[in-house]
Amino acid sequence: MSDYCVVVADGARARLFTLQEGGVDEAGPTLVEVSGLANPEAEAAGKEIFSDEKSGRNAAPGGGGAHGYDDHRDAHIEETERRFAKDVAEAAAEALRRGRAGCLVVVANPRMMGHLREALTATPLDMRVKEVKKDLSKLPVHEVQEHLAAEGVLPARQGSPSYRPSGQP
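Residues numbered from 1 in each chain as written. Predicted model: local features only at pLDDT ≥ 70, side-chain atom pairs only at ≥ 80, totals over all residues. Heavy atoms only, no water.

**Remarks on the nonpolar core**
This is how it is decided: Buried Ala, Val, Leu, Ile, Met, Phe, Trp, Tyr and Cys residues that are joined via side-chain atoms within 4.5 Å together make up what is termed a nonpolar core. Three exposure classes are used, based on accessible area relative to the maximum for each residue type with a 1.4 Å probe and protein chains only: buried under 20%, partly exposed in between, and exposed over 50%. In DSSP terms, a helix is any run of H or I states spanning at least four residues, a strand is any run of E spanning at least two, and both are numbered starting from the N terminus. In what follows, a contact means two residues having at least one pair of non-hydrogen atoms within 4.5 Å.
In terms of nonpolar packing, the biggest core is built from 21 residues, with Cys5, Val7, Val88, Leu104, Val106, Met112 and Leu116 touching the most fellow members. Counting residues per element, the ones that place at least two in this core are β1 (4-9), β2 (13-20), α3 (73-99), β6 (103-108) and α4 (110-122). Setting aside its immediate chain neighbours within four residues, Leu104 contacts Cys5, Val7, Ala92, Leu96, Leu120, Leu125, Met127, Arg128, Val129 and Lys130. Leu19, Val107, Leu136 and Val153 belong to the second largest nonpolar core, which has 15 residues in total.

**Details of the environment of Gln145**
Positionally, Gln145 belongs in helix α5 (residues 141-150). When its relative accessible area of 4% is taken as the criterion, Gln145 is described as buried. When the C-alpha atoms of Gln145 and Phe17 are compared, they prove to be 9.9 Å apart, with 128 residues separating the residues in sequence. Excluding anything up to four places from it in sequence, Gln145 contacts Leu19, Pro29, Thr30, Leu31, Pro155 and Arg157.

**What about the pattern of salt bridges?**
Cut-off, in case you're wondering: Salt bridges are counted wherever a side-chain nitrogen of Lys or Arg sits within 4 Å of a carboxyl oxygen of Asp or Glu.
What the rule picks out here adds up to 12 salt bridges. Salt-bridge contacts for Arg117 lead to Glu131; the nearest nitrogen and oxygen are separated by 2.7 Å. Taken together, the positions of Arg117 in helix α4 and Glu131 in strand β7 (residues 128-133) put the pair 14 residues apart, joining distant regions of the chain. On the accessibility criterion, Arg117 (36% relative accessible area) is partly exposed. Residues Glu151 and Lys134 are paired through a salt bridge, measuring 2.7 Å at the closest nitrogen-oxygen approach. Highlighted residues: Glu151 in the segment after α5 and Lys134 in the loop between β7 and α5, separated in sequence by 17 residues.

**Observations regarding the sheet that holds strand β3 (residues 30-38)**
Stated precisely, the cut-off is as follows: When DSSP finds at least two bridges between two strands, those strands are taken to pair. Note on method: axes are straight lines fitted to C-alpha atoms, helices fitted across the in-contact stretch only, with angles between N-to-C directions ranging 0 to 180 degrees.
Across the sheet, five strands lie side by side as β3-β2-β1-β6-β7; this open sheet has mixed pairing. The two strands at the open ends of the sheet, each matched to only one other strand, are β3 and β7. The average undirected angle you get between the axes of adjacent strands in this sheet is 20 degrees. The pairing of β1 with β6 spans six bridges and is parallel. Each bridged residue has a counterpart across the sheet, and for Val7 the counterpart in β6 is Val106.

**Looking at α4**
Note the threshold: Residue count minus one, scaled by 1.5 Å, sets the expected span of a helix. Throughout, the arc means the angular range of directions from the helix axis out to the C-beta atoms.
Between its first and last C-alpha, α4 extends 19 Å over 13 residues, near the 18 Å set by a 1.5 Å rise per residue. Buried within α4 are the following residues: Met112, Met113, His115, Leu116, Ala119 and Leu120. Buried residues in α4, looked at end-on, bunch into an arc of 165 degrees, giving them a common side. Residues of α4 that are exposed and point more than 90 degrees away from the buried face comprise Pro110, Thr121 and Ala122.

**Considerations on the pairing of β2**
For β2, a buried count of six out of eight residues is recorded, marking the element as mostly surrounded by other parts of the structure. Where β1 hands over to β2, the hairpin turn is made up of three residues, counted between the paired strands. With eight bridges joining them, β2 and β3 adopt antiparallel strand pairing. Bridging across to β3, Thr18 finds its partner in Val32.

**Focus on α5**
Restricting attention to buried positions, one finds in α5 the residues Val144, Gln145, His147 and Leu148. Seen end-on, α5 carries its buried residues on one side only, within an arc spanning 160 degrees. Where α5 is buried, its residues meet β1, β2, β3, β6 and β7. One or two residues past the end of α5 sits Gly152, with phi positive at roughly 80 degrees.

Below, the structure is given as C-alpha cells:
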C-alpha cells in the first residue's frame, strides 16, 4: 500500500507512479512507475491525420484573391486530448483502487490539467487530489520525484541531496 498515486501526463502520454518505502538498505521513499498510457492520435504526424500538412490560406480559382479556411485541427486536437484525459482518469482510478492510496497527485501542463480535472470530476474519487501545473512527462522518475518534493507535494527521498529547480538559489 502506498499513500500516494502520482499521474504525470501531457497530451501524448501519461505515466502512473506510486510512492514506495525503501528497504532496509535503501533510501526511501521512492517513486516507482507502475504503468503508462499513450495517445496514438497525438503521437501521429500531421500528414497521418490530416490530408494537408498546413492550415491557413488558400488561393481562389482563376487567380483571384486568397481566402482563409479552417480545417478544425485545433478542435480535433482538443477532442483527442479530452478523450485521452478520460482514459488517464480511469487508469488512475483503477490504480488507486488497487493500491488503496490516500492522495492523488496530478502533474500536467495547464491545458492537459484542465482536461484531467474535468475527467477526474466525472470519475468518483474519495481522496485528496493535489495538482501541479508543470510538464514533467519527459523527465526520468528520480527527477519527477525531486521536482515534486521541492514543490512540497511528495516527501523527499531520504539520503538524497536537496533539489533546487533551475533558476532558484
